[in-house]
Amino acid sequence: MNLGYIDRFAKSLIREAGHKIRISFYSQIDVESKAEANDLVTNIDKEVERFFIERIRENFPEHKIFGEEGFGDRIETLDGVVWLLDPIDGTMNFVHQKRNFAISLGIYQDGVGMLGYIYDVMADDFYHAVKGEGAYFNDERLPLLEVTPLEQAVIGINASWVVPNRRVEHEPLIELVAKCRGTRSYGSAAIELAYVASGRIDAYVSMRLAPWDIAGGMVIAQEVGAVTTNLRGETPHLLGTDTFIVARPGLHDDMLRHYIRLK
Ligand code: IPD
Ligand code: CA
Ligand code: CA
């Protein structure tokens, strides 16, 4: 696998897709909801995924593509080279705010994350990593994350997990929210992962994420020493939805041990 070549190709594809998304605001955007009213998809999510697939297939016919909108391959294993793509992560923000959404892409070889990209399209902020070669924010190398105690930590968490819900005990999470320095919720798992990797927040936790939400961000986060697991402390398998946490090393352990109890 020629990582340098694929890296240059992926970066230029992502920038071109970002341009397509930005100019889409000058045309009509059709919004549909999927299974639930808060699960949105637009014609732009679909067009951008098709654009990626066409270009990847032209250049790397032997690679497989696992994309949110389903135009790629049916993926049952991560054998070979697989591109895990979310054409727009944060579609609700795309529709409601016209900002705070990202293109998220991870390129895995036999299940190992080799290349990771998160492009915050409207901020023009580009995060990327090559396995073993460090993570970068707009081409500046990100430093390794240091340990931060919970009292000084800003935690990315959605308020819906801190009220009674069917997935996780909310009482310990109330305690977590009370004890940490502050909480944030950006509405794009990819951006939240990028923020942990770049030290803007110290942890991000979610009860339900898909492989394409986290595949790119995991490569970036791991390069700066962040810990990425599901909420049972296992490595995410990236073949279906699961719980997820990314955090600075000591904080990851503290949060899993003391504040997260799955139902
Ligand atoms: C969603 C966003 C959101 C997260 C949801 C995801 P989408 O992705 O990442 O922050 O809470 O679970 O599904 O649907 O906008 O690509
Ligand atoms: Ca997503
Ligand atoms: Ca999406």
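Residues numbered from 1 in each chain as written. Chains lettered and ligands numbered in written order. Predicted model: local features only at pLDDT ≥ 70, side-chain atom pairs only at ≥ 80, totals over all residues. Heavy atoms only, no water.

A.B. asks: Would you explain the domain arrangement of the protein chain in this entry?
C.D. replies: Frequently, the measure chosen for interface size is the accessible area that the parts lose on association. Each assigned domain of the protein chain is listed here: domain 1 (3-141) and domain 2 (150-258). For domain 1 versus domain 2, the separation of C-alpha centres amounts to 21 Å. Between domain 1 and domain 2, the buried area comes to about 2,200 Å², and carbon and sulfur atoms account for 65% of it. Run the count over domain 1 and domain 2 and you get zero salt bridges. Taken together, domain 1 and domain 2 are joined by 10 residue pairs in polar contact (both at pLDDT 80 or more). Among the secondary structure elements, those contributing two or more residues to the side of domain 1 that touches domain 2 are β3 (64-67), β4 (81-89), β5 (102-109), β6 (112-120), β7 (125-130) and β8 (135-137). Per-element tally for the side of domain 1 that touches domain 2: the top contributor is β6, with seven residues. Partitioned by chemical class, the residues of the side of domain 1 that touches domain 2 number 18 nonpolar, 12 polar and seven charged. (Domains from an automatic or database assignment. Buried area = accessible area lost by both parts, 1.4 Å probe. Salt bridge = Lys/Arg side-chain N within 4 Å of Asp/Glu carboxyl O. Polar contact = N/O pair within 3.5 Å; in protein donor to acceptor, adjacent residues only side chain to side chain. Helix = DSSP H or I, 4+ residues; strand = E, 2+ residues; numbered from the N terminus. Nonpolar A, V, L, I, M, F, W, Y, C, P; charged D, E, K, R; others polar.)

A.B. asks: So what exactly am I meant to see when it comes to the sheet that holds β3 here?
C.D. replies: Across a sheet, paired strands are connected by hydrogen bonds in the backbone, their directions being either parallel or antiparallel. Taken together, the seven strands give an open sheet; going across it, the order is β3-β4-β5-β6-β7-β8-β9, and neighbouring strands pair in mixed fashion. Only two strands of the sheet have a single neighbouring strand rather than two, namely β3 and β9 (140-141). One ladder, built from seven bridges, connects β4 with β5; its direction is antiparallel. Its bridge partner being in β5, W83 is matched across the sheet by I107. (Pairing = 2+ DSSP bridges.)

A.B. asks: Hey, could you run me through the side chain of T148 in this one?
C.D. replies: Positionally, T148 belongs in the loop between β9 and β10 (154-156). There is a polar contact of 3.3 Å between the side chain of T148 and the side chain of R248. Every residue in contact with T148, bar those within four places of it in the chain, is listed here: A153, D202, R248 and L251. (Contact = heavy atoms within 4.5 Å.)

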